[in-house]
Protein chains: 2
Amino acid sequence: MTETLEVTEILKKYSTRIDQEIKEALETVDPETLRQASEHLVKAGGKKLRPSLAVLSAEAVGGTVKSALKAGASVELIHTFSLIHDDIMDQDEKRRGKPSVHVLWGEPMAILAGDTLFSKAFGTVLKSEEDGVPPELILPALQTIVDSCVKICEGQACDMGFTERLDVTESEYLGMIYKKTAALIAAATKSGAILGGGTPEQVEALSEYGRLIGMAFQIQDDYLDVASSEEDLGKPVGSDIVEGKMTLLVVNALEKATPEDRERFITILKEEGDENVSEAMEIMKKYGSIQYAWQVAQEDVNQAKNLLLDVLDDTPARDALLKIADFVLERSH
Amino acid sequence: MTETLEVTEILKKYSTRIDQEIKEALETVDPETLRQASEHLVKAGGKKLRPSLAVLSAEAVGGTVKSALKAGASVELIHTFSLIHDDIMDQDEKRRGKPSVHVLWGEPMAILAGDTLFSKAFGTVLKSEEDGVPPELILPALQTIVDSCVKICEGQACDMGFTERLDVTESEYLGMIYKKTAALIAAATKSGAILGGGTPEQVEALSEYGRLIGMAFQIQDDYLDVASSEEDLGKPVGSDIVEGKMTLLVVNALEKATPEDRERFITILKEEGDENVSEAMEIMKKYGSIQYAWQVAQEDVNQAKNLLLDVLDDTPARDALLKIADFVLERSH
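What counts as what
- Residues numbered from 1 in each chain as written.
- Chains lettered and ligands numbered in written order.
- Predicted model: local features only at pLDDT ≥ 70, side-chain atom pairs only at ≥ 80, totals over all residues.
- Heavy atoms only, no water.
- Helix = DSSP H or I, 4+ residues; strand = E, 2+ residues; numbered from the N terminus.
- Rg over C-alpha atoms; globule rule 2.2 N^0.38 Å.
- Buried < 20%, exposed > 50% of the residue type's maximum accessible area, 1.4 Å probe, protein only.
- Contact = heavy atoms within 4.5 Å.
- Lys, Arg positive; Asp, Glu negative; His and termini not counted.
- Charge placed at Lys NZ, Arg CZ, Asp CG, Glu CD.
- Buried area = accessible area lost by both parts, 1.4 Å probe.
- Salt bridge = Lys/Arg side-chain N within 4 Å of Asp/Glu carboxyl O.
- Polar contact = N/O pair within 3.5 Å; in protein donor to acceptor, adjacent residues only side chain to side chain.
- Nonpolar A, V, L, I, M, F, W, Y, C, P; charged D, E, K, R; others polar.
- Least-squares fit on C-alpha atoms with pLDDT ≥ 70 in both.
- Phe/Tyr/Trp six-rings, centres within 6.5 Å; stacked < 30°, edge-to-face > 60°.
- Arc of directions from axis to C-beta.
- Axes fitted to C-alpha atoms, helices over the stretch in contact; angles between N-to-C directions.
- Parallel < 35°, antiparallel > 145°, perpendicular 65-115°, else oblique.
- Left-handed = near helix turned anticlockwise from the far one by under 90°.

Caption draft 1: Region of the structure containing the overall build of chain A. Of the regular secondary structure elements, chain A holds 16 helices and two strands. Rg of the C-alpha trace for chain A: 20 Å, near the compact-globule value of 20 Å for 333 residues, within the 12% margin. Taken over 333 residues, chain A has a buried fraction of 59%. In chain A, the proportion of contacts linking residues at least 24 apart, taken out of those at least 6 apart, comes to 75%. Taking the 35 positively charged and 59 negatively charged side chains of chain A as two groups, their mean positions are separated by 3 Å.

Caption draft 2: Structural context of the interface of chain A and chain B. Contact with chain A, which involves 40 residues of that partner, is made by 40 residues of chain B. Interface area, chain A with chain B, both sides summed: about 3,300 Å², of which 76% is carbon and sulfur. Where chain A packs against chain B, one counts two salt bridges. Between Asp30 of chain A and Lys179 of chain B there is a salt bridge; the shortest N-O distance is 3.7 Å. One can count four residue pairs in polar contact (both at pLDDT 80 or more) joining chain A with chain B. Listed by contribution, the elements that provide at least two residues to the side of chain A that touches chain B are α4 (65-90), α6 (107-126) and α7 (135-162) of chain A. Here the side of chain A that touches chain B takes 15 residues from α7 of chain A, the largest share from any one element. Residues belonging to the side of chain A that touches chain B are distributed by class as follows: 24 nonpolar, seven polar and nine charged.

Caption draft 3: Inspection of unusual backbone geometry at higher detail. Residues and elements named next belong to chain A. Each neighbour pair has its own omega, and for Asp30 with Pro31 the value is 5°, a cis peptide bond. Among the structural elements, Pro31 can be located in the loop between α1 (2-26) and α2 (32-43). Here the phi dihedral of Lys48 falls at roughly 60°; this positive angle occurs in a residue that is not glycine. One can find Lys48 in the loop between α2 and α3 (49-60). A positive phi angle, close to 50°, is found at Arg96, a residue other than glycine. Mapping Arg96 onto the fold places it in the loop between β1 (94-95) and β2 (98-99).

Caption draft 4: Just the environment of Glu136 of chain B, in detail. Checked against the element boundaries, Glu136 of chain B lands in helix α7 (residues 135-162). The spatial distance from the C-alpha of Glu136 of chain B to the C-alpha of Leu195 of chain B is 9.5 Å, given a sequence separation of 59 residues.

Caption draft 5: Examining the environment of Ala73 of chain A more closely. All names here are of chain A. By the element assignment, Ala73 lies in helix α4. Between the alpha carbons of Ala73 and Leu249 there is a distance of 33 Å; along the sequence they are 176 residues apart. Apart from the residues within four sequence positions on either side, Ala73 is in contact with Ile18, Glu21, Ile22, Pro51 and Thr124.

Caption draft 6: Quick peek at the side chain of His102 of chain B. All names here are of chain B. With respect to the helices and strands, His102 occurs in helix α5 (residues 101-105). Overall, His102 belongs to the buried group, its relative accessible area being 9%. A polar contact is formed between the side chain of His102 and the backbone oxygen of Asp87, at a distance of 3.2 Å. What His102 contacts, discounting residues up to four positions off in sequence, is Asp87, Ile88, Asp92, Glu107 and Ala110.

Caption draft 7: Quick peek at the relation of the copies chain A and chain B. Expressed as a screw operation, the relation of chain A to chain B combines 0.0 Å of axial shift with a rotation of 180°, fitting to an RMSD of 0.0 Å. Accordingly, the operation relating the two chain copies is best matched by a two-fold axis. The rotation axis passes nearest to the C-alpha of Pro135 of chain A in chain A, at a distance of 3.0 Å. A shared binding surface is used by both copies, with 100% of the interface residues of chain A retained as interface residues in chain B.

Caption draft 8: Spotlight on the side chain of Lys323 of chain A. All names here are of chain A. Relative to the assigned elements, Lys323 resides in helix α16 (residues 316-330). For Lys323, a relative accessible area of 13% translates into the label buried. A polar contact of 3.2 Å, which involves the side chain of Lys323, links it to the side chain of Glu6.

Caption draft 9: Examining the pattern of salt bridges more closely. The final tally for this structure, using the stated rule, is 47 salt bridges over all chains. Glu39 of chain A is the partner of Arg35 of chain A in a salt bridge, and the nearest nitrogen-oxygen pair spans 3.2 Å. Of this pair, Arg35 of chain A and Glu39 of chain A both sit in helix α2, separated by four residues, roughly a single helical turn. When the shortest N-O distance is used, the salt bridge between Asp314 of chain B and Arg318 of chain B registers 3.6 Å. Linked through salt bridges whose partners overlap, the residues forming this network are Glu32, Arg35, Glu39 and Lys43 of chain A.

Caption draft 10: Representation of the environment of Gln295 of chain B within the structure. Residues and elements named next belong to chain B. With respect to the helices, strands and loops of the structure, Gln295 is situated in helix α15 (residues 289-311). Gln295 sits in the partly exposed class, given a relative accessible area of 36%. Between the alpha carbons of Gln295 and Ile219 there is a distance of 9.8 Å; along the sequence they are 76 residues apart.

Caption draft 11: Inspection of the packing of aromatic side chains at higher detail. Per the stated rule, a full pass over the model turns up six aromatic pairs over all chains. Considering the side-chain rings of Phe118 of chain A and Phe118 of chain B, the 5.0 Å spacing of their centres and the 80° angle between planes classify their relative orientation as edge-to-face. Placement of the pair is Phe118 of chain A in helix α6 and Phe118 of chain B in helix α6 (residues 107-126), with the two residues belonging to separate chains. Summarising the burial analysis for this pair, Phe118 of chain A and Phe118 of chain B share the class buried.

Caption draft 12: Representation of helix α14 (residues 277-286) of chain B within the structure. All names here are of chain B. Considered for burial, the residues of α14 that qualify are Val277, Ala280, Met281, Ile283 and Met284. Projected down its long axis, α14 carries its buried residues within an arc of 155°, all on one side. For α14, the exposed residues lying more than 90 degrees away from the buried face are Ser278, Lys285 and Lys286. The inward-facing, buried residues of α14 contact α9 (200-227), α11 (239-242), α12 (248-256), α13 (259-270) and α15.

Caption draft 13: Expanded view of the packing of α6 of chain B against α7 of chain B. Residue and element names in this part refer to chain B. For the pair α6 and α7, interaxial distance at closest approach is 10 Å and the crossing angle is 160°. As judged from the angle between their axes, α6 and α7 are roughly antiparallel. With respect to the hand of their crossing, α6 and α7 are arranged in right-handed fashion. Here α6 contributes Phe118, Phe122, Val125 and Leu126 to the contact with α7, which in turn contributes Ile138, Leu142, Ile145, Val146 and Cys149. Of the residues in the contact of α6 with α7, the class split is nine nonpolar, no polar and no charged.

Caption draft 14: Representation of the packing of helix α9 (residues 200-227) of chain A against α16 of chain A within the structure. All names here are of chain A. Interhelical geometry of α9 versus α16 gives an angle of 20° and a closest axis separation of 8 Å. Taken together, the axes of α9 and α16 lie roughly parallel to each other. Our pair here, α9 against α16, has a crossing hand that is left-handed. Across the interface between the two elements, Leu206, Tyr209, Ile213, Ala216, Phe217 and Gln220 from α9 touch Leu321, Ile324, Ala325, Val328 and Leu329 from α16. Each residue belonging to the contact of α9 with α16 can be placed in one class, and the counts come to 10 nonpolar, one polar and no charged.

By themselves, these observations are geometric and do not establish any function.
Rendered as structure tokens:
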């Protein structure tokens, strides 16, 4: 619990400067309706995990906060863009405790708001030159961020394709969450390391650290959905099962279960209501799928931490990155 | 007519290499559904006006075709992305004679296909380094392209806002078409001039040339809607009036008409059917609005051509750019 509090402090440390970069990027958007729709979700909060990772990665390789501030803001803008478009695609009406952008402004304006954030994201990182970063570093940092955007789209398309399938393999599932979630986190840490002037080994290790904690983050989400409490989650336990979502737990149980249990499990996944959720959770427990997901996330985090210990000096920034890796598993929602 | 044919030849000259760049950018998109949805509109054709302008601008300042090929492909990808998202927003079911992306794959996949093209667009121009372009030129070229993307979003938002208003001024209208249409064409010519190693004066002149022919292009569209024939247009004359769209002709007539004519004109604009379209056209003719739009487009093109004559040597590329400027006005659809 103490650890979690400390991480909150770490994330807060940079959020004012990140918020300022994002504010500057969006305040000139015109007409006003588009500006408001573009700013809505940014103003609704968010942990600012990704931009903090970018800045800490720059610091951890001996660079300045300033060098990666715009790249961090860029990654946060891309994250927000993807949330706005995902909410339209999934018809989700709430986000960060507020109505989604398309609920408030309609789908056409929400599509445009997402496109605007996306454009501004690239514009922001390009402006890193103003902060004294040489073009030779901006280009590969930007390339990293752009590549992750393609992956976000591909990951979302994969996820959409999964809803009609019950034969998703673990490898397919892990590939999907890499693209949909982990690639952008890896882009945050990698671009930060590049802009901070890291060695190729440091850049590679921080990229891999970002990928691993990104994977662990998503798998922990899957795990908490059945292992946490309604009070901590802010929604009923087992929501993923009710929605018939593919998670590492579900994929694992489908792979391991006897034909009989598998059939029963599938029936529950396809059901609309929540009356048999606890039975589905029993099946997952029986085949060790809940424990399995927890282990995979744990191993990813351990590996991520070891990578940093190998290539980085012992600094407060490295310490913060190690703490954030632990935080991914310690959070209860 | 001879001139128009020549321009078609000019555009064809580069289209194979542009198509190849776009193909390479998209062929790795995975899963297949997303790749198909992303490629659909690219494969459906298009004149490739924007990428040709980028390449010709590079050549006109003494650079190589190669230096601006990826920027050209990038601009074409952005144009295509904006068409896909616009078709969703405007619920247009056809594009380039084929069903729109959202009609074939549904709105969620069409949003994603647009986002994918958008991401790939930036990735493509970043790869210009492989073609020997130095980072110092890639960054400002990319900044130009990114800035135009923000404007495209803003222009579309303005256009959406206009449908509920009848007091749109000429200056507001021109500002909207600059952002929605001309900014990307200006980005094509400006980025081409930058990548080709043009002087600041040449870059500025080619940027302004692109803006002016982009404005003329849109105004000519407005003009042809009432001044062309159904045969040439491929749709009934006066469609914009039936749809109640703001065009330079409509804005001009609304500004100049007597209160009585204005009221009648507004009534027709708000009507669903097409029975009074010819009466609306008579009102526009009475106040010289059709002639006015033609003149504005003509002046833009003349100014665009003069700018080039001032700063560019007499080369085949300059000649091609002059011909394209004329072509904007000579086309009948």
